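The chain contents come next:
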Amino acid sequence: MQERDVVKEYYGKTLQSSEDLKTTACCDIGAVPEWLKPLLANIHPEVLSRYYGCGLIAPALLEGCRILDLGCGSGRDVYALAQLVGPTGEVVGLDMTDEQLDVARRHQGWHAEKFGYNNVRFVQGYMEQLDELNLEPGSFDVIVSNCVINLSPDKDAVLRGVHRLLKDGGEMYFSDVYADRRVPESVRTDPVLYGECLGGALYWGDFLRIARRAGFTDPRLVEDRPLEVTDPVLAAKTGAIRFFSATYRLFRSDKLETECEDYGQAVIYKGSIPNSLARCVLDKHHDMETGRVFPVCGNTWHMLKDTRFAPHFDFIGDFSRHYGIFAGCGGGLPYDDSASGGGDGAACC
Ligand SMILES: C[S@@+](CC[C@H](N)C(=O)[O-])C[C@H]1O[C@@H](n2cnc3c(N)ncnc32)[C@H](O)[C@@H]1O
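The rules behind the values
Residues numbered from 1 in each chain as written. Predicted model: local features only at pLDDT ≥ 70, side-chain atom pairs only at ≥ 80, totals over all residues. Helix = DSSP H or I, 4+ residues; strand = E, 2+ residues; numbered from the N terminus. Buried ≥ 20, exposed ≤ 12 C-beta atoms within 10 Å, placed from the backbone. Contact = placed C-beta atoms within 7 Å. Core = buried A, V, L, I, M, F, W, Y, C linked by C-beta atoms within 7 Å. Domains from an automatic or database assignment. Pairing = 2+ DSSP bridges. Axes fitted to C-alpha atoms, helices over the stretch in contact; angles between N-to-C directions. Right-handed = clockwise from strand over helix to strand, strands pointing away.

Caption draft 1: Layout of the overall build of the chain. The secondary structure content of the chain amounts to 12 helices and 13 strands. With the C-alpha coordinates aligned to their principal axes, the bounding extent of the chain is approximately 60 × 50 × 35 Å. Taking all 349 residues of the chain together, the buried fraction comes to 45%. Counted over contacts in the chain with a minimum sequence separation of 6, partners at least 24 positions apart contribute 75%.

The following block contains the structure:
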């Protein structure tokens, strides 16, 4: 069976609800933030019961945005995001599996009535062929995805298509499963491990290379957590490989440099983003407290100044003088691993 058929079978027929999963990979066990709880309470129980995501894909400041959800499944994130973008925004959900889309579409009217507006639509298709879906290039503010890209046999094509559909200054914000090494053939071809989002997991270093090749010069890690392979049979097959769920944000901007360069710049967060009054967290290394001067590299400056975040910051400095590489930028496993006492990548990005 082709990878796609394995995945369609797994999400269309094998799994009937989140309870049927065999690992914690395709199921987000992280705490739901308080502000999200009332939004999830507005979502139909059947949609919620078929949630197979691995992270939170709701960045700040979405009102009025146009969002695309790759591999939207039964639509939990689409319906949550629909409330965040509001009546002036739009959320498009894309999936390839009939059974998943049937659930998502069946409850569209129910949600429209609940929200008081209909701002979602669902499209059937493949995320590797985004240019065949009549979606206008440069027309999305944000593209999200929750535990889906690992299932793609052609991840390069997915990210190239995403880059093409994003507006300049827009971002891909997505959660997925990564491995601490390249996954061997025996794990990659196991249908259950593949369906459970482990077999197709990218080695994090390869993911960064693919993202950069697609035009996302400075991928930013937002959060991560180690995954447990609880099923003993599957654990024996995966052996010493460590898996992580991680959320990345990829800004589309031609101005970003390959390294974090220091121009002596800084920003001050105004404390004006809803649900983030005390601090604004751009990524794992940029937790900016309200009112405090926060030194930034040139790339972070662009991620804040040339995007929807700009009105919420004061900007200090410019690009007229270069001071070398931004201190603290480095390599190594970027994820925190409770088993080995923390990652060694204490970098700015
Ligand atoms: C792990 S589930 C996640 C579903 C949803 N994001 C959620 O959080 O519940 C993966 C979904 O991606 C879809 N999918 C996998 N590969 C795809 C592809 N190449 N193109 C479009 N959809 C795909 C599957 O049909 C399935 O619904």
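Caption draft 2: Looking closely at the nonpolar core. Grouped together as the largest cluster of nonpolar side chains are 93 residues, with contacts concentrated most on Ile67, Leu81, Ile143, Val177, Tyr178 and Ala201. When residues of this core are sorted by domain, at least three fall in each of domain 1 (3-251) and domain 2 (257-349). Dropping the residues within four chain positions of it, leucine 81 is found in contact with Ala58, Leu62, Ile67, Asp69 and Val91.

Caption draft 3: Inspection of the sheet that holds strand β12 (residues 293-296) at higher detail. In spatial order, the strands read β12-β9-β13; together these three strands make up an open sheet with antiparallel pairing. The strands lining the two open edges of the sheet, one partner per strand, are β12 and β13 (313-316). Ignoring which end each strand starts from, the neighbouring axes of this sheet average 30° apart. One ladder, built from four bridges, connects strand β9 (residues 265-269) with β12; its direction is antiparallel.

Caption draft 4: Highlighting the pairing of strand β5 (residues 166-179). Here β5 lies mainly inside the structure; 11 of its 14 residues are buried. In this fold, strand β4 (residues 140-146) hands off to helix α7 (residues 155-165), which returns the chain to β5; that crossover is right-handed. Pairing of β5 with strand β8 (residues 243-251) involves nine bridges; the strand directions are antiparallel. If you follow tyrosine 178 over to β8, its bridge partner there is phenylalanine 244. Where β5 and strand β6 (residues 202-203) come together, two bridges link them in parallel fashion. Each residue of the ladder has a partner; that of alanine 179, found in β6, is tyrosine 203.

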